[in-house]
Amino acid sequence: MPGLLRGVARTAVVAGTATAVSNRVSRRQAGRWAQQDAVQEPVAAAPPPAAAPAADDMTTKIDQLKQLSTLKEQGVLTEEEFAEQKRRILG
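Keep in mind that what you see is a predicted model, and the values were worked out from it rather than measured.

Some words on the overall build of the chain
So, point 1. From N to C terminus, the chain includes three helices and zero strands.
So, point 2. Counting from the amino terminus, the chain carries its helices and strands in the arrangement α-α-α.
So, point 3. Accessible surface, the chain as shown: approximately 7800 Å² in total, 61% of it carbon and sulfur.

Here's what the structure looks like:
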């Protein structure tokens, strides 16, 4: 019986130590990830390259002009209203 008790005690100590080490490693890693997130956040807020907004802006203008054209064809806009809106879009 003492041999069995010693084996159970040894297993409990090993399992307890493994759990403690695992928890410590998890907490340390979570702390490192939190620091990386805090450092990377300002970098992520940097503006995108200058070429992308110009392309997006032109695409938006083209879409708006297409919508205006459709409204004009449907008779919702007059020729003068269409010309005025077109001038506003194109700047």
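A word on a positive patch on the surface
So, point 1. Residues Arg-24, Arg-27, Arg-28 and Arg-32 make up a contiguous surface patch of positive charge.
So, point 2. In this fold, Arg-32 is placed in helix 1 (residues 2–44).

Overview of the confidence of the model for the chain
So, point 1. Here the chain averages 78 in pLDDT, and 81% of its residues register 70 or above.
So, point 2. Taken element by element, the chain is modelled with least confidence in helix 1, mean pLDDT 75, and with most confidence in helix 3 (residues 79–90), mean pLDDT 89.

Some points on the pattern of salt bridges
So, point 1. Under the criterion given, the structure shown has four salt bridges.
So, point 2. As a salt-bridge pair, Lys-72 and Glu-79 come within 2.9 Å of each other at their nearest N and O atoms.
So, point 3. By relative accessible area, which is 31% here, Lys-72 ends up partly exposed.
So, point 4. With a closest N to O distance of 3.3 Å, Glu-84 and Arg-88 form a salt bridge.

What about the packing of aromatic side chains?
So, point 1. One pass over the structure, following the stated rule, counts zero aromatic pairs.
So, point 2. The residue whose ring lies beneath Lys-72 is Phe-82, and the NZ or CZ to ring-centre distance is 4.8 Å.

About the cut-offs
- Residues numbered from 1 in each chain as written.
- Predicted model: local features only at pLDDT ≥ 70, side-chain atom pairs only at ≥ 80, totals over all residues.
- Heavy atoms only, no water.
- Helix = DSSP H or I, 4+ residues; strand = E, 2+ residues; numbered from the N terminus.
- Areas by Shrake-Rupley, 256 points an atom, 1.4 Å probe, with all protein chains shown as cover.
- Patch = residues over 30% accessible without salt bridge, like charges linked within 9 Å, V, L, I, M, F, W, Y side chains within 5 Å.
- Salt bridge = Lys/Arg side-chain N within 4 Å of Asp/Glu carboxyl O.
- Lys, Arg positive; Asp, Glu negative; His and termini not counted.
- Charge placed at Lys NZ, Arg CZ, Asp CG, Glu CD.
- pLDDT = per-residue confidence, 0-100.
- Buried < 20%, exposed > 50% of the residue type's maximum accessible area, 1.4 Å probe, protein only.
- Phe/Tyr/Trp six-rings, centres within 6.5 Å; stacked < 30°, edge-to-face > 60°.
- Lys NZ or Arg CZ within 6 Å of the ring centre and 35° of its normal.

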